[in-house]
Amino acid sequence: MKQYFAALLTLAMTLTLASCAVSASGASEPDSLPAASVPAESASQPEEPDHSHPPAAGDNIVPHEDIGYCGNTITKVSPEPRTSGEDWKASFWGSDSVALTDLLLYLDYQEGICRCLPEYSVETEFSEEPYGVNLSSGYARHGEGQVELTEEQVELIRDILDRNLTD
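A short tour of the structure in this document, coming up.

Conventions used here
Residues numbered from 1 in each chain as written. Predicted model: local features only at pLDDT ≥ 70, side-chain atom pairs only at ≥ 80, totals over all residues. Heavy atoms only, no water. Salt bridge = Lys/Arg side-chain N within 4 Å of Asp/Glu carboxyl O. Helix = DSSP H or I, 4+ residues; strand = E, 2+ residues; numbered from the N terminus. Buried < 20%, exposed > 50% of the residue type's maximum accessible area, 1.4 Å probe, protein only. Pairing = 2+ DSSP bridges. Axes fitted to C-alpha atoms, helices over the stretch in contact; angles between N-to-C directions. Contact = heavy atoms within 4.5 Å.

1. Describing the pattern of salt bridges
- With the rule as written, the count across this model stands at three salt bridges.
- A salt bridge links glutamate 123 to lysine 89; the nearest nitrogen and oxygen atoms lie 2.9 Å apart. With glutamate 123 in strand S3 (residues 120-123) and lysine 89 in the loop between helix H2 (81-84) and strand S2 (90-92), this pair connects stretches of sequence that are 34 residues apart.
- Given the relative accessible area of 28%, glutamate 123 is considered partly exposed.
- Between arginine 158 and glutamate 155 there is a salt bridge, with its nearest N and O atoms 3.9 Å apart. Residue arginine 158 and its partner glutamate 155 are both found in helix H4 (residues 151-164); the two are separated by three residues, about one turn of the helix.
- For arginine 158, a relative accessible area of 10% gives the class buried.

2. Quick notes on the sheet that holds S2
- The strand order across the open sheet built from six strands is S2-S1-S3-S4-S5-S6, with neighbouring strands paired in antiparallel fashion. Every interior strand has two partners, whereas the edge strands, S2 and strand S6 (145-148), have only one. Across the sheet, the axes of successive neighbouring strands diverge by a mean angle of 25 degrees, strand direction being ignored.
- Of the pairings in the sheet, the one linking strand S1 (residues 75-79) to S2 comprises three bridges and is antiparallel in character. The residue of S2 that forms the bridge with valine 77 is alanine 90.
- Taken strand by strand, H4 contacts S1, S2, S3, strand S4 (131-134) and S6, and its axis lies near 100 degrees from that of S2.

These figures come from the coordinates and say nothing about function on their own.
Shown next as structure tokens:
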């Protein structure tokens, strides 16, 4: 009886650890990938002619304690239909999901929201409402706030989306 219980306990622990392992390749759920690729420069045009979004020059991350994520954290991305005219939703997990979730969760959304439309809606497991992201203009918004992204953050997000939203 003890051997049976020990084998069952070992199996349960192995399955638990395997479900929380972060995939080094950032593997995606194969049935959730869209047919379209990530647009490189499909900018939403600002409604104000002299309006622009310069890249953030300084630190735009709020101070926070490091937290651990389970590798099966799922991120869902869809295009803003008013910006792209496309209608799809993709989801992915693994290291890319963790990286995007962590970035969006701790950005300093202290600026007011402009009238520009985001290119993407990003849903994470740590927020009740989606984030709006515009890579062409270089900003993210959440709730009643917005933040300019650094060039490095724009490239990080673009790389994550390129890897996970293309066939």
